[in-house]
Amino acid sequence: MRLLILSLFCVFWSACIAQEKQHTSYVDLHYFKGNIALHNNDILHLIQGHPEGVILGWNRKTYGFSAWEQRYNYPDYGLSLAYQNLKNNVLGNVISAYAHYNFYFFKRKLMFRIGQGLAYTNYPYDKVDNFRNNAFGSHVMSSTYALLNYKKERVFHNFGFQVGVALLHYSNANVKAPNTSINSVTLNLGVTYHLDEDEPEYQYTLPDDDRRYTQPVKYNIVFRSGINESDIVGSGQFPFYVISAYADKRINRKSALQLGTDVFFSNFLKELIYYRAVAFQEEDVSGDEDFKRVGIFAGHELFVNKISFVTQLGYYLYYPFDFEGRTYFRVGLKRYFNKSWFGALSLKSHGAKAEAVEFGIGIRI
């Protein structure tokens, strides 16, 4: 009897462990090599060799035990580290760290990875020692990278491979001038290794009407802040403040549309207005122009679990001083702490020209 009870207990415990195993993990290592893209003629002197480097990633696979995993075709999420030799003594070398998502298409043979994080360059601009580096104005920068790879898992035991293209972007978003930034377009070849022998089965439990989702219009208020500098090297870093109010409407479980307004208090413009009025008296700048701006925007929010991706297109209605044009863009991430409160990290730009990295806190009611 004791033996029977012990056997039943072992079977029950094994079943519990199997049920609890909802994720597996794997690591991948990529080698990449390519070219610096010419997005600005000011960096022509920085494009010399063929930058190369490696990306090491840890990935956690999902199997649909949460509804959002099934809606996005069972993505992976994880952390990655990268090292890049930019093949130019002026630019130096860059190391970076990211959080990333992997999304799959075409029967999971095509993988798209998007990663966001921080980068460190060992040789930024210096007015005495490295005045030719007009790409990086500071040691620490924000960085984004993307992979688009053909992927094949477990080709030989736990080993697999992937091959494709990679894009790496480094910029400090005008936290400190200069900041023309660097984009590398590369080819990559990688190997994967699964850390688990067995994998749980993919879950298919979403109801047929899962896409049908309705929610009343929600109203959002966001306060954003940070520091930035104009393109004039040495003009100084100043804090900025942004107050945003907008309405959003969920059109399905993944997406919401937005419409709202921004009020910008950009203190670096005070210094820029004064500089332009004094240094370029032939220009139509009096020095008394208002540094504040007011814009309206339309946007889209893509919900992935507690994180969402935001894209917005704006237009300044109140625009007393001409700076990079009336149209602006914002891309970023939101992290919901509960149903109402969220944190935000975003990049505001005018076309390919970044203005600021914004850190924000907001409420959705």
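Residues numbered from 1 in each chain as written. Predicted model: local features only at pLDDT ≥ 70, side-chain atom pairs only at ≥ 80, totals over all residues. Heavy atoms only, no water.

1. Structural notes on the environment of F297
Its place among the elements puts F297 in strand β12 (residues 292-304). We classify F297 as buried; its relative accessible area is 2%. Taking C-alpha positions, F297 is 44 Å from K21, a pair spaced 276 residues apart along the chain. Contact partners of F297, with chain neighbours within four places excluded, come to Y246, Q258, L259, G260, T261, D262, Q312, L313, G314 and Y328. (Helix = DSSP H or I, 4+ residues; strand = E, 2+ residues; numbered from the N terminus. Buried < 20%, exposed > 50% of the residue type's maximum accessible area, 1.4 Å probe, protein only. Contact = heavy atoms within 4.5 Å.)

2. Notes on the packing of aromatic side chains
Throughout the structure, instances matching the rule amount to 22 aromatic pairs. Measuring from centroid to centroid gives 6.0 Å for Y74 and Y204, while their planes differ by 75°, and the two rings are edge-to-face. Residue Y74 is found in the loop between α2 (67-71) and β3 (76-85), and its partner Y204 is found in the loop between β8 (182-194) and β9 (218-228); the two are separated by 130 residues along the sequence. Here Y316 and Y319 contribute two aromatic rings whose centre-to-centre distance is 5.3 Å and whose plane-to-plane angle is 15°, an arrangement assigned as stacked. Given the relative accessible area of 0%, Y316 is considered buried. Here the aromatic cluster, defined as three or more aromatic residues joined through ring pairs, consists of W68, Y72, Y77, Y101, F103 and F309. A cation sits over an aromatic face here: K254 above Y72, 4.6 Å from the ring centre. Directly above the aromatic system of Y328 lies the positively charged group of K348, at a separation of 5.3 Å from the ring centroid. (Phe/Tyr/Trp six-rings, centres within 6.5 Å; stacked < 30°, edge-to-face > 60°. Lys NZ or Arg CZ within 6 Å of the ring centre and 35° of its normal.)

3. A look at the pattern of salt bridges
Inspection of every chain in the model, using the stated rule, returns 19 salt bridges. Across the pair R224 and E358 runs a salt bridge, and its minimum N-O distance is 3.7 Å. Taken together, the residues R224 in strand β9 and E358 in strand β16 (residues 353-364) connect sequence positions 134 residues apart. Look at R224 and you get buried, because its relative accessible area is 5%. Note on E358: relative accessible area 1%, which makes it buried. Members of the salt-bridge network, linked through shared partners, are K61, D76, K151, E153, R154 and E199. (Salt bridge = Lys/Arg side-chain N within 4 Å of Asp/Glu carboxyl O.)

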